Amino acid sequence: SEGYYSMRDSLNALMEEQRAIQRLGPEDDVVLPLHLSRRKCYEQWSRERGWVVTKKNIDTGQYDAPENWEVVPGFYRSEEEALADGASGGDLRKVAKLAISWTVYSKFWIAEFPQLKTQGRVGKGMFGGAYDFETKKYYNRKKLQMES
């Protein structure tokens, strides 16, 4: 589907950009900078496709279903909506592309880009791990605290 090709292109570009910045070889794991998380990448990618991703529950980080998302200002929800508004030619490029759920995006990232890693974040329950750049391994923060 068009969504999968777009995800692959987007993640490939992100990975190659970070490989160049970090001067890594093709087999090396790519660890994203701390300010980039999988969720931030997803939200930015969705926005570029014409969707404002909304969260159903801010405390748990659970996203709302794609059919409930708003369209980015300047985009149309469908081609029919664009045509009804009098859009033609180049304006039809402003029709929002297929909305992909967080679950699909996340599973695709894990399956297709296992070498693309994010760093653990202090204070985030689901990111309890820390990445050690020296050994290139993840450690559980609680384990490290107990050993200290």
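The structure this text deals with has already been given above.
The shown structure was predicted, so the numbers you read here are calculated from the model rather than taken from an experiment.

Conventions adopted
Residues numbered from 1 in each chain as written. Predicted model: local features only at pLDDT ≥ 70, side-chain atom pairs only at ≥ 80, totals over all residues. Heavy atoms only, no water. Helix = DSSP H or I, 4+ residues; strand = E, 2+ residues; numbered from the N terminus. Buried < 20%, exposed > 50% of the residue type's maximum accessible area, 1.4 Å probe, protein only. Contact = heavy atoms within 4.5 Å. Areas by Shrake-Rupley, 256 points an atom, 1.4 Å probe, with all protein chains shown as cover. Axes fitted to C-alpha atoms, helices over the stretch in contact; angles between N-to-C directions. Parallel < 35°, antiparallel > 145°, perpendicular 65-115°, else oblique. Left-handed = near helix turned anticlockwise from the far one by under 90°. Nonpolar A, V, L, I, M, F, W, Y, C, P; charged D, E, K, R; others polar. Core = buried A, V, L, I, M, F, W, Y, C linked by side-chain atoms within 4.5 Å.

Looking at the overall build of the chain
For step 1, the next point in the chain: When helices and strands are tallied, the chain shows five helices and eight strands.
For step 2, the next point in the chain: Helices (α) and strands (β) of the chain occur, in sequence order from the N terminus, as α-β-α-β-β-β-β-α-α-β-β-β-α.
For step 3, the next point in the chain: Counting across all 148 residues of the chain, residues that qualify as buried make up 32%.
For step 4, the next point in the chain: Considering only intrachain contacts with a sequence separation of at least 6, the fraction spanning at least 24 residues in the chain is 49%.
For step 5, the next point in the chain: Accessible surface, the chain as shown: approximately 9,700 Å² in total, 52% of it carbon and sulfur.

What about the packing of helix H2 (residues 38-48) against helix H4 (residues 102-112)?
For step 1, the next point in the chain: The geometry of H2 relative to H4 is characterised by a closest axis approach of 11 Å and an angle of 120° between their N-to-C directions. Classified by the angle their axes make, H2 and H4 are oblique. At the point where H2 passes H4, the crossing takes the right-handed sense. Residue-level inspection shows Arg-38, Arg-39, Cys-41, Tyr-42 and Trp-45 of H2 in contact with H4, the latter providing Trp-102, Tyr-105, Ser-106, Trp-109 and Ile-110.
For step 2, the next point in the chain: For the contact of H2 with H4, the per-class residue count stands at seven nonpolar, one polar and two charged.

Section: the environment of Arg-49
For step 1, the next point in the chain: Tracing the backbone through its elements, the reader meets Arg-49 in the loop between H2 and strand E2 (51-52).
For step 2, the next point in the chain: For the pair Arg-49 and Lys-97, spaced 48 residues apart in the sequence, the C-alpha separation amounts to 5.3 Å.

Here we look at the nonpolar core
Proteins that are soluble and globular tend to have nonpolar side chains buried together.
For step 1, the next point in the chain: Core analysis: the biggest nonpolar cluster contains 25 residues, and Leu-11, Leu-14, Tyr-42, Tyr-105, Trp-109 and Leu-116 have the highest contact counts within it.
For step 2, the next point in the chain: Sorting the residues of this core by element identifies helix H1 (2-22), H2 and H4 as the ones contributing at least two each.
For step 3, the next point in the chain: Apart from residues lying up to four places away in sequence, Tyr-105 is in contact with Met-7, Leu-11, Arg-38, Cys-41, Tyr-42, Trp-45 and Ile-100.

Keep in mind these values describe shape, not function.
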